[in-house]
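One-letter residues, chain by chain:
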Amino acid sequence: MKNKHLLLMIFLGFSAMLWSQEKTVTGTVTDSENVPLPGVNVIEVGTTNGTQTDFDGNFSITVTQGAALQFSYVGMVSQTVAVGTQTTIDLTLLEDAAQLDEVVVVGYGVQKAVNLTGSVETVKAEEITRQPVAQTSQALAGLVPGLTATQSSGQPGSDGATIRIRGIGTLGNGNKNNPLILVDGIPDDINGVDPSDIESISVLKDASAAAIYGSRASNGVILITTKRGKEGKLSTTYSTYTGIQSISQNLKFLDAVGFMEAFNSAEPGAFDQATIDAYKSGVNVGTEVRPDTDWVDLLFSQAGIQQYHNLAVRGGSEKAKISTSISYMDQDGNIPNFSFKRYSGRFNADLKLGEKIDLAFDLNFRREKQLAPGGLNDITRAAYRLQPLFNAYNDDGSWGAGFSGGNPVALVNSGSLYDETTNYFRGLLKATYRPFKDLSIAVTYAPQYVDRDRDNFDATWQYKENSSASPQVPAGRFNKLFKQTYTSFQDNFNAIINYNKSFDDHSVSALVGYEFLKFNSEIWSAERRGFVLEEFRGLDNGDADTQLNSGSSTLNGLESVFGRVNYSYKNKYLLEANVRRDASSRFAPGFRSATFPSFSLGWRVSEEGWFPEDAFVSNLKFRASWGQLGNQFIFDNSGNPVNFAYTSLFGLGNANPTIGGVPIVGGAQSVLSNPNLRWETGETSNIAMDAGFFHGKMSLTAEYYVRKTKDILLGVTIPTSIGFDAPVQNAGQVENTGYDISLGWQDMIGENFRYGFNANYSDFVNEITDLGGLDELPPGNTINRVGEEIGAIYGLKVEGLYQESDFNDDGSLIAGLPVPQFGAVQAGDIKYEDFNDNGEINNDDRTIIGSNLATKNWGFDVFAEYKGLDLSVSVLGSEGRDVVLQGDAGYAFFNAGKIQEWQADYWTPQNTGAQYPRLTPGSSHPNWRTSETWMFDTSYVRLRNVTLGYNLPKDFVEKIGIANSRVYLSGQNLVTWDDMPDGIDPLIPNFSAGAFYPVTKVYSLGLSITF
């Protein structure tokens, strides 16, 4: 009993001692204007003990003796306070000046983010490097409202994304809709920039933001700023990852048994039951006796290994700062002998030559090498066509015959090779002089040089009909070397004067500049056949009697003057005005110059004295803008730029008559000129709201715009009797209306857990409002028609499938049904709608059946960090676009081809409710027309990226001389949810017949070390 009393006394004494070492601290946290701050994190330093302030800024926390409290809040400077003997701590948190002074890169300069009046979105470096990608354009997918980055190919070196800003604004070749991309102020290829070298990306979406770039900015501008050295000791960073890629979705076909059973439905009795039963038995299946070849599996036979390495050194002193990096990218395809390599280097130096003179000197080079064993038409399309009953290999290991010697597996291993090597070099020299405090004068010269060599060698191979047969070369196959060399040089020069002055409540900045760009290029090609020894592929080793050659050169120039004025009153009322006058060599004298103005206004409502001092809305700004932009680009049907459409071009060697049996070199003008050609002009109006909530934790931006493009540079048809191709004219007008919304959140829970998300959504409506007096342009599978969107899918509507009840006993259609003019029909064929109600079905019944534009796009990114761990997830989606499948991608048994799994729901007398028509082998059939049957909704949701990283503890890595180190696992294009036929990616090119390289998924393991 005494022992129990003794234990109780010890316990009570120990508890009292602990209680005496703890204390409760209370207080209130406010901002600099004495407004209570709710949600402030209050953490006992060195522990997980913490709380948050309530709506009135009050807190209460129990801490141990000698504790210190850390107060942190998004947008505010964190503070740490020693408790000591205090039981009440009232604290004022100050706004983070660095965030208030955050600047955004804009045309020819920077601006404070809070003072922007145009539509500018910024992507930070960490958002780009968070996902390891082979092409930088891929990393923009889903990050910016109003910007789409669509990757429709997984071929190494050709897997970059097509970028569009606020839809498609003009008619003509797709290249006319490309945004202007500038790297450190100079035009460049976004995929040529190493993601690790990027400091930030600014996307200029409306005319007021982009008008300073005039004629080049009609489709928006993407400004990429690369990393530069900062004052401090030199730091070295090594980044690397290794990845394995596989096909995300690929076409799935029936095996040999399924093929034969389905083919018997198309041609009854084509395969007897004994043959089918023999296959079902499994005996000798997969040999040359009973082939069961999975051509897709044999072709996509290797793991696509990727590796990336980057070494960067940055730092410097007040007088000299450098940033230099070298990188190597190696990407293998899933098809043998497809690969891509990139070697690049960047050197940026900033020198302070005195109090008034700065000098920047940059060098950038890259070498890219893309290899492929041939064109996709002969590789993927062939694999999607060849029947499983054809041999790829014979039993003795020799090449099988495929179809009449056509064997894509043999082709990719034959030694055939498409080899494209590109060398790029750019230098930049910029001198900045500040004669006095508020004025600076900068002069920049940046030459760019590109050379590209293309060697395309078609090799031969030998195949055998079977193991005992004699080898032979595929009919029509001969070796050939096509060689092409392209070189270009571009001068980029600009001189800019900047003036900035603040006085009292006023702030004024002004910019005037001059710029010229001069571009020239040359291309030549040569070809020979008949190489006796295919291993020796020099052009002179071919048969001289087969040689061909050609060449051309061109040039163009642009000269511009421009200016900008910004005015701010009390940082509340904002005004910006831009103007640029461009003169382009692509237009005739008298039409070369055009002026492009813009204006924008901003009102920072939250800076008004009457604005409620409420913690819910911490920032509110309204913006409005109007501006005009130009477009000088003209492309031919092959996507090549046309520089002299305004004048008559006479070619030699393009019209060679034979006189008296002797060929004579002649020439002709093939295209009519248009000396009155003038600038295409785009006009954009934009209204927007920017809002911040909970002292910067939440941000919201909403924008509505109207974008009109007029005087579109377009080739309008003329009567063939004229004898010339149509000239380019100013003959169209297009209007886009739409909106962009983005919502973001960033916060911390406790001392170590940081999290946030960014969501964006955009939608637009596209309409052609004029075609130079025409109602429509001649249609194909798509049509451009007044009142409709650009490139609407044009085909036949479908009412279902013909049933046996639709026919008389003699096989004729019953009375009252429209009569098809495409050929005889029978039960199971597609029943097209008689759209014009004239009793016949023909091409006149075609109408708009679908959209070629993804008008609704969204993205969602979420991230979380806890101590050393970090996790990011990126999801994106798209709606509005339809795709039509044709040929080997869409039609079962097309051109002696095979059948996909989804096509197995075909009409038979026992399956009259089938989704697809009866099976019909051949190369043409009335069922195989552009119609709703073969059109699919490509709406999708894609898990774009998941990355899990871990930063090794600093106290551990510092012992071995490392400042920090991070390892991560990443997955790209992991899962796609869609309603497409099984095995077909929703981003497949429209009207594809099978010549495409499917999009890939990639799993990567990476490491980053800084010394």
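For clarity, every value in this text was computed on a predicted model and none was experimentally measured. Note that residues are indexed from 1 along each chain, following the sequence as it is written. Given that this is a predicted model, residues contribute local features only at a pLDDT of at least 70 and side-chain atom pairs are listed and counted only at 80 or more, while totals for whole chains, interfaces and linings are drawn from all residues. Neither water nor hydrogens contribute to the side-chain values; these are computed over all heavy atoms in the structure.

(A) A look at the overall build of the protein. Comment: elements are numbered from the N terminus, with helices defined as DSSP H or I runs of at least four residues and strands as E runs of at least two. Counting its secondary structure elements, the protein contains eleven helices and 53 strands. Whereas a compact globule of 1011 residues would reach a radius of gyration of roughly 30 Å, the protein reaches 34 Å, a difference of no more than 12%. Principal-axis analysis of the C-alpha atoms places the extent of the protein at approximately 105 × 95 × 65 Å. When each of the 1011 residues of the protein is scored for burial, the buried share is 49%. Long-range pairs, those at least 24 residues apart, make up 69% of the contacts in the protein with a sequence separation of at least 6. What sets the accessible areas is the Shrake-Rupley method with a 1.4 Å probe; for residues, cover comes only from the shown protein chains. Summed over all atoms, the accessible surface of the protein reaches about 44,800 Å², with 55% contributed by carbon and sulfur. As used throughout, the charge tally considers Lys and Arg to be positive and Asp and Glu to be negative, leaving His and the chain termini uncounted. Here the site of a charge means atom NZ of a Lys, CZ of an Arg, CG of an Asp or CD of a Glu. Once the 78 positive and 115 negative side-chain charges of the protein are each reduced to a mean point, those two points are 8 Å apart. In this setup the radius of gyration rests on C-alpha atoms only. A globule is expected at 2.2 Å times the number of residues raised to 0.38. Three exposure classes are used, based on accessible area relative to the maximum for each residue type with a 1.4 Å probe and protein chains only: buried under 20%, partly exposed in between, and exposed over 50%. Residue contacts follow a heavy-atom distance rule, with two residues in contact if any of their heavy atoms lie within 4.5 Å.

(B) Expanded view of the domain arrangement of the protein. Segment limits for the domains were obtained from an automatic or database-derived domain assignment. Parsing the protein into structural domains produces domain 1 (21-92) and domain 2 (103-241). For domain 1 versus domain 2, the distance between C-alpha centres works out to 41 Å.

(C) Representation of the pattern of salt bridges in the model. Note on definitions: salt bridges are taken to be side-chain nitrogens of Lys or Arg within 4 Å of carboxyl oxygens of Asp or Glu. For the coordinates displayed, the defined rule picks out 46 salt bridges. Here Glu-703 makes a salt bridge to Arg-166, at a shortest N to O gap of 3.4 Å. Of this pair, Glu-703 sits in strand 35 (residues 698-710) while Arg-166 is found in the loop between strand 12 (162-165) and strand 13 (180-183), placing the two residues 537 residues apart along the sequence. Of the two residues examined, Glu-703 and Arg-166, each falls in the buried class. For Asp-806, the salt bridge identified is with Lys-831, shortest N-O distance 3.3 Å. Of the two residues, Asp-806 sits in the loop between strand 42 (798-801) and strand 43 (819-820) while Lys-831 sits in strand 44 (residues 830-832), which places them 25 residues apart along the sequence. Per residue, the accessibility class of Asp-806 equals that of Lys-831, and both read buried.

(D) Highlighting the pairing of strand 35. When DSSP finds at least two bridges between two strands, those strands are taken to pair. The pairing of strand 34 (residues 680-693) with strand 35 spans 13 bridges and is classified as antiparallel. For Ile-687, the partnering residue across the bridge sits in strand 35 and is Tyr-704. Between strand 34 and strand 35, which pair antiparallel one after the other, the connecting turn spans four residues, and Phe-694 there sits at a positive phi close to 55°. Sheet analysis places strand 35 next to strand 38 (residues 733-749), joined by twelve bridges and oriented antiparallel. Paired with Val-706 across the strands is Thr-737, a residue of strand 38.

(E) Representation of helix 6 (residues 273-281). What helix 6 keeps buried is the set Ile-276, Ala-278 and Tyr-279. Taken around the axis of helix 6, the buried residues stretch over an arc of 160°, which confines them to a single face. Among the structural elements, helix 5 (256-266) are those in contact with the buried residues of helix 6. N or O atoms closer than or at 3.5 Å make up a polar contact, with two conditions inside protein: a donor-capable atom paired with an acceptor-capable one, and, for residues adjacent in sequence, both atoms drawn from side chains. For helix 6, the N-terminal capping position is held by Asp-272, with its side-chain oxygen 3.2 Å away from the main-chain nitrogen of Ala-274. Phi turns positive, to about 85°, at Gly-282, one or two residues after helix 6. Arc, as used here, means the arc of the directions from the helix axis to the C-beta atoms.

(F) Region of interest: the packing of aromatic side chains. Any two rings among Phe, Tyr and Trp, with Trp reduced to its six-membered ring, count as a pair given centres within 6.5 Å; such a pair is stacked if its planes are under 30 degrees apart, edge-to-face if over 60, and tilted if neither. Tallying each qualifying case throughout the model produces 43 aromatic pairs. Relative to Tyr-308, the ring of Tyr-241 has its centre 5.2 Å away and its plane inclined at 25°; by these criteria the two rings are stacked. Within this pair, whereas Tyr-241 is found in strand 17 (residues 232-247), its partner Tyr-308 is found in strand 18 (residues 304-316), the two being separated by 67 residues in sequence. Just as Tyr-241 is buried, Tyr-308 falls in that class too. Every member of this aromatic cluster is reached through a ring pair, and the members are Tyr-891, Phe-894, Trp-902, Tyr-916, Trp-928, Trp-934 and Phe-936. The side chain of Lys-898 reaches across the aromatic face of Phe-253, ending 4.4 Å from its centre. Lysine and arginine charges are scored as sitting over a ring when NZ or CZ, respectively, is within 6 Å of the ring centre and within 35 degrees of the ring normal.

(G) Structural view of the sheet that holds strand 40 (residues 782-783). In spatial order, the strands read 40-41-46; together these three strands make up an open sheet with antiparallel pairing. One side of each edge strand has no neighbouring strand; the edge strands of this open sheet are strand 40 and strand 46 (847-850). Here three bridges tie strand 41 (residues 792-795) to strand 46, and the two strands are oriented antiparallel to one another. Among the inter-strand pairings, Tyr-794 is bridged to a residue of strand 46, identified as Ile-848.

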